[in-house]
Amino acid sequence: MVAQRLDGKACAAVVEEELLDRIKACKVNGVVPHLAVVIVGDDPASHVYVNSKVRACERLGILSTHIELPSDASEQQVRETIQSLNAKSDLHGILVQSPLPKHMDEEALTDLIEPSKDVDGFHPQNLGRLVQGRMDGMLPCTPSGVMRLLSWAGIETKGKSAVVLGRSRIVGMPQSLLLGAKGVDATVTVAHSRTKDTQSLCKDADIIIAAVGRAEMVRPDWVKEGAVVVDVGINRVDDESRERGWRLAGDVHPDVAQKASWLSPVPGGVGPMTIAMLMENTVRAAEQTQRA
Ligand code: NDP
């Protein structure tokens, strides 16, 4: 079997196309969706991610404000930045790019973002709604992007066994909640660094979502013939054959394509979906201000 490509670029283009009409409707009502992205420090990967988010805003006609603070900024400076963004009524989404410098308490800063502007979906109020099975809060972008990708490809989840590799606050844990939610109805196992025999768990799964951050950990002999495999991982690995000396690798070995029925590529799989869902959350936040 050769896996079909779970093409995040193509799916994200459909999501963006649908957003254009909603953005137009906001503008007719005098509201221009507006996202603020706060980045602290000079982590090169973070700057690449932020630039992609800003470019997506430009493509769609969403206003973006890009705030850069130096790596030696104080937590209080970030706190004040968030508070001033919370107070702006013409601004609908606030994103603080992770990771923050080590001297800052990332969770405490996320908690400060007004939940209705928390387009990353990491605020306890939004995550709490998800735990309650309520889908009316802001959903975290990467896991909701995975769900959209599965549904776009027509992949059945009802009654399927799913293994989520990773239990982080931003990917693994919300992913498992979304897969197990009523209406989606997968039976979910969450594996983490202390899980015993992760390989056998994966081998029994109809759906594997890998969000670990370990290059090519999921190998063909971990995967059942015909399983659906979604690769969230983004890892930089040394590669002398490339001019830049490295390449991007997912958490899934490319040879898994010989076993799986569907496999998402890295890059071009979950990455574009994360950005598309961020755009959708921003538009949704702007729409909600009109209903308020
Ligand atoms: P974290 O480091 O926060 O979490 C990693 C998770 O993997 C932890 O729960 C950890 O377990 C678990 N883990 C570690 N080793 C193993 C193992 N051997 N077997 C099973 N589980 C293991 O990472 P994130 O969740 O933030 O990100 C995961 C990956 O996804 C990264 O590569 C990241 O770059 C990528 N990513 C991609 C995005 C995209 O848009 N495509 C967006 C966000 C992230 P424990 O809890 O026990 O430590």
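Residues numbered from 1 in each chain as written. Predicted model: local features only at pLDDT ≥ 70, side-chain atom pairs only at ≥ 80, totals over all residues. Heavy atoms only, no water.

**A closer look at the domain arrangement of the protein**
Right, so step 1: Under the domain assignment used here, the protein contains domain 1 (30-125) and domain 2 (141-272).
Right, so step 2: Computed from C-alpha coordinates alone, the two centres of domain 1 and domain 2 are separated by 27 Å.
Right, so step 3: Each partner contributes residues to the interface: domain 1 has six residues there, and domain 2 has four residues.
Right, so step 4: Between domain 1 and domain 2, roughly 510 Å² of surface is buried when both sides are summed, and carbon and sulfur atoms account for 52% of that area.
Right, so step 5: On the domain 1 side of the contact with domain 2, Tyr 49, Glu 107 and Phe 122 bury the most area, a combined 62% of that side's loss.
Right, so step 6: Where domain 1 packs against domain 2, one counts one salt bridge.
Right, so step 7: Here Arg 169 and Glu 107 are joined by a salt bridge, their closest N and O atoms 3.7 Å apart.
Right, so step 8: Linking domain 1 to domain 2 there are zero residue pairs in polar contact (both at pLDDT 80 or more). (Domains from an automatic or database assignment. Contact = heavy atoms within 4.5 Å. Buried area = accessible area lost by both parts, 1.4 Å probe. Salt bridge = Lys/Arg side-chain N within 4 Å of Asp/Glu carboxyl O. Polar contact = N/O pair within 3.5 Å; in protein donor to acceptor, adjacent residues only side chain to side chain.)

**Overview of the site of the ligand**
Right, so step 1: Not every one of the 21 residues close to the ligand is listed here, only the nearest: Arg 167, Ser 168, Ser 193, Arg 214 and Thr 274.
Right, so step 2: In the model, an oxygen atom of the ligand is placed 2.5 Å from a nitrogen or oxygen of the Ser 168 side chain.
Right, so step 3: Here the ligand, which alone exposes 930 Å², has 71% of that area covered by the protein.
Right, so step 4: Per element, the largest residue contribution to the shell around the ligand is three residues, and it comes from helix α9 (residues 270-291). (Near = heavy atom within 4 Å. Areas by Shrake-Rupley, 256 points an atom, 1.4 Å probe, with all protein chains shown as cover. Helix = DSSP H or I, 4+ residues; strand = E, 2+ residues; numbered from the N terminus.)

**Here we look at the pattern of salt bridges**
Right, so step 1: As enumerated under the stated definition, the model contains eleven salt bridges in all.
Right, so step 2: Lys 224 is the salt-bridge partner of Asp 206, the closest N and O atoms lying 2.6 Å from each other. Remark: Lys 224 occurs in the loop between β7 (207-210) and β8 (228-231) and Asp 206 occurs in the loop between α8 (198-203) and β7; sequence separation between them is 18 residues.
Right, so step 3: A residue is classified by how much of its surface remains accessible, and Lys 224, at 29% relative accessible area, is partly exposed. (Buried < 20%, exposed > 50% of the residue type's maximum accessible area, 1.4 Å probe, protein only.)

**Here's the deal with the side chain of Asp 231**
Right, so step 1: By the secondary structure assignment, Asp 231 is in strand β8.
Right, so step 2: Here Asp 231 is buried and forms no salt bridge, its nearest opposite-charge partner Arg 247 lying at an N-O distance of 9.4 Å.
Right, so step 3: A distance of 2.7 Å separates a polar atom in the side chain of Asp 231 from the backbone nitrogen of Asp 251.
Right, so step 4: Side-chain polar atoms of Asp 231 contact the backbone nitrogen of Val 252, separated by 3.1 Å.
Right, so step 5: Excluding residues that lie within four positions of it along the chain, Asp 231 makes contacts with Ala 210, Gly 250, Asp 251, Val 252, Ser 264, Val 266 and Val 270. (Lys, Arg positive; Asp, Glu negative; His and termini not counted.)

**Points about the sheet that holds strand β1 (residues 4-5)**
Backbone hydrogen bonds hold the strands of a sheet together, and the pairing may be parallel or antiparallel.
Right, so step 1: One open sheet accounts for six strands, arranged β1-β11-β8-β7-β5-β6; its pairing is parallel. Every interior strand has two partners, whereas the edge strands, β1 and β6 (187-191), have only one.
Right, so step 2: Sheet topology note: the β8/strand β11 (residues 262-263) ladder contains two bridges and is parallel. Across the sheet, residue Val 229 finds its bridge partner in β11, namely Leu 263.
Right, so step 3: Contacting β5 (161-165), β6 and β7, helix α7 (residues 172-180) runs over the sheet at an angle of about 170 degrees to β5. (Pairing = 2+ DSSP bridges. Axes fitted to C-alpha atoms, helices over the stretch in contact; angles between N-to-C directions.)

**A closer look at the nonpolar core**
Right, so step 1: Counting 49 residues, the largest nonpolar core has Leu 6, Leu 35, Ile 62, Leu 150, Leu 179, Ile 209 and Met 279 as its most contacted members.
Right, so step 2: With eight residues, the single largest contributor to this core is α9.
Right, so step 3: Both domain 1 (30-125) and domain 2 (141-272) contribute no fewer than three residues apiece to this core.
Right, so step 4: Not counting residues up to four positions away in its chain, the partners in contact with Leu 179 are Met 147, Leu 150, Ala 162, Val 164, Val 184, Asp 185, Ala 186, Val 188 and Ile 209. (Core = buried A, V, L, I, M, F, W, Y, C linked by side-chain atoms within 4.5 Å.)

**Quick notes on the packing of aromatic side chains**
For any pair of aromatic rings, geometry is given as the distance between the ring centres together with the angle between the planes.
Right, so step 1: The tally for this structure, following the rule as stated, stands at zero aromatic pairs.
Right, so step 2: Here Arg 169 stacks its cationic end above the ring of Phe 122, 5.6 Å away from the centre of that ring. (Phe/Tyr/Trp six-rings, centres within 6.5 Å; stacked < 30°, edge-to-face > 60°. Lys NZ or Arg CZ within 6 Å of the ring centre and 35° of its normal.)

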